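Residue-level listing of the chains:
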Amino acid sequence: MRWLERLPVSSTARCRALFTNHADFSDLTPTQYEAAYAWLGENGLLGNGVGSGSGAVGERVFRAALASSGAAWLPDADVLVRGPAELPQDALRAAEALGIPEDEAYGQLKAVFGKVDTEARAVIGRAGELALLGLIAEAALARVEHVAAYSDGFGYDIAVHARQHPLHIEVKSTVRRGRTGFYLSRNEYETMRCDPAWQLVAVQLTPGHAVAAVSSVPARWISAQVPQDRGSFGRWEACRIDVPPDALVPGIPRLAPLLRAGAARLLLPGGRNQ
């Protein structure tokens, strides 16, 4: 905070001299000030417009500290931290040091989690699509097309072109063990309702993005979970769905008639990674 408060009106050298020689700043060592300066640079808080940005200095430092912390709880913050009273001790200590009240710290955490979660879902989602595409293309006696590669308007990601058993697969991927949660768009839902070939497939990935498990989620079960439009002037456009283990169907049973002999067990009903 001291660096960011002073750099907009002073040079780095003058700030360094102030922190090193003035008694008001002697509670930290020169080495600590240099480590702090390096950390600010690593987290994009220096450079052009130094000290500027959205929110107060303390809030910007707090957001950067959360995002770069590597805290084990952060990827599951949507479940583990449901209010200011549930903030982890490390986040509370950081907020206190930066003069941020608990309720504001919780709001900052939600903003950081939303950004981290969105970025992670994009990477994991792409990895899951490509991994499943490779498994199906190798195993299916049909032409397989990654339609999401050139448009997200289909309402599904992978098309298996077969005259008698066509399949349109919407892929939802996760690296979280024991949790299968995903966001369903209105377009995906409406496609599910109108397209009998539509199938949602959940792909469990390892931390290295290898496929650990493949499961199908029945359309009937999904229909029972989505919200309902209550009036003429309101319409939901996306919703989050958390799938319990007993709602998952191992493999992709609807793909079975199209599989070659010796197809990956992950795709078969009851299949598991070997």
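Details of the structure are given in the entry above.
Residues numbered from 1 in each chain as written. Predicted model: local features only at pLDDT ≥ 70, side-chain atom pairs only at ≥ 80, totals over all residues. Heavy atoms only, no water.

**Q** Let's hear about the overall build of the chain: which residues, and what values?
**A** A tally of helices and strands in the chain yields 9 helices and 8 strands. Taking 274 residues into account, the globule formula puts the C-alpha radius of gyration at 19 Å, and the chain, at 25 Å, lies well above it. The dimensions of the chain, computed from C-alpha atoms along their principal axes, are 80 × 45 × 30 Å. Counting over 274 residues, the chain shows a buried share of 39%. The contacts of the chain with a sequence gap of at least 6 include a subset with a gap of at least 24, amounting to 59%. Carbon and sulfur atoms make up 53% of the accessible area of the chain, which totals about 15,000 Å². Charge centroids of the chain, computed over 28 positive and 29 negative side chains, lie 6 Å from each other. (Helix = DSSP H or I, 4+ residues; strand = E, 2+ residues; numbered from the N terminus. Rg over C-alpha atoms; globule rule 2.2 N^0.38 Å. Buried < 20%, exposed > 50% of the residue type's maximum accessible area, 1.4 Å probe, protein only. Contact = heavy atoms within 4.5 Å. Areas by Shrake-Rupley, 256 points an atom, 1.4 Å probe, with all protein chains shown as cover. Lys, Arg positive; Asp, Glu negative; His and termini not counted. Charge placed at Lys NZ, Arg CZ, Asp CG, Glu CD.)

**Q** How would you summarise the environment of Asp-27 if you had to cite specific residues and measurements?
**A** With respect to the helices and strands, Asp-27 occurs in the loop between α2 (12-21) and α3 (30-42). You can call Asp-27 exposed: its relative accessible area is 54%. Along the primary structure Asp-27 and Glu-42 are separated by 15 residues, whereas in three dimensions their C-alpha atoms are 24 Å apart. A distance of 2.9 Å separates the side chain of Asp-27 from the side chain of Arg-2, its partner in a polar contact. (Polar contact = N/O pair within 3.5 Å; in protein donor to acceptor, adjacent residues only side chain to side chain.)

**Q** Give a detailed account of the pairing of strand β6 (residues 211-217), specifying residues and quantitative values.
**A** Counted residue by residue, β6 has 5 buried out of 7 residues, so it is predominantly covered. The sheet contact formed by strand β5 (residues 198-205) and β6 spans 6 bridges and is antiparallel. Directly across from Val-203, in β6, lies its bridge partner Val-214. If you look at the hairpin formed by β5 and β6, you'll find 5 residues sitting between the two strands, and His-209 has a positive phi there, around 70 degrees. Two elements, β6 and strand β8 (residues 249-250), share 2 bridges in a ladder whose sense is antiparallel. Note on β8: the bridge partner recorded for Ser-215 is Pro-250. (Pairing = 2+ DSSP bridges.)

**Q** Before we move on, could you go through the nonpolar core and cite the residues and values that matter?
**A** Buried together is how nonpolar side chains tend to be arranged in soluble globular proteins. Ranked by internal contacts, the top residues of the largest apolar core, which has 30 residues, are Trp-3, Phe-62, Leu-66, Trp-73, Leu-87 and Leu-109. At the level of elements, α1 (2-6), α2, α3, α4 (57-68), α6 (89-97) and α7 (102-139) are the ones that each hand at least two residues to this core. Excluding residues within four positions of it along the chain, Trp-73 makes contact with Leu-66, Leu-80, Val-81, Pro-88, Asp-90, Ala-91 and Leu-109. Membership of the second largest hydrophobic core comes to 27 residues, among which are Ala-127, Ala-140, Val-211 and Leu-259. (Core = buried A, V, L, I, M, F, W, Y, C linked by side-chain atoms within 4.5 Å.)

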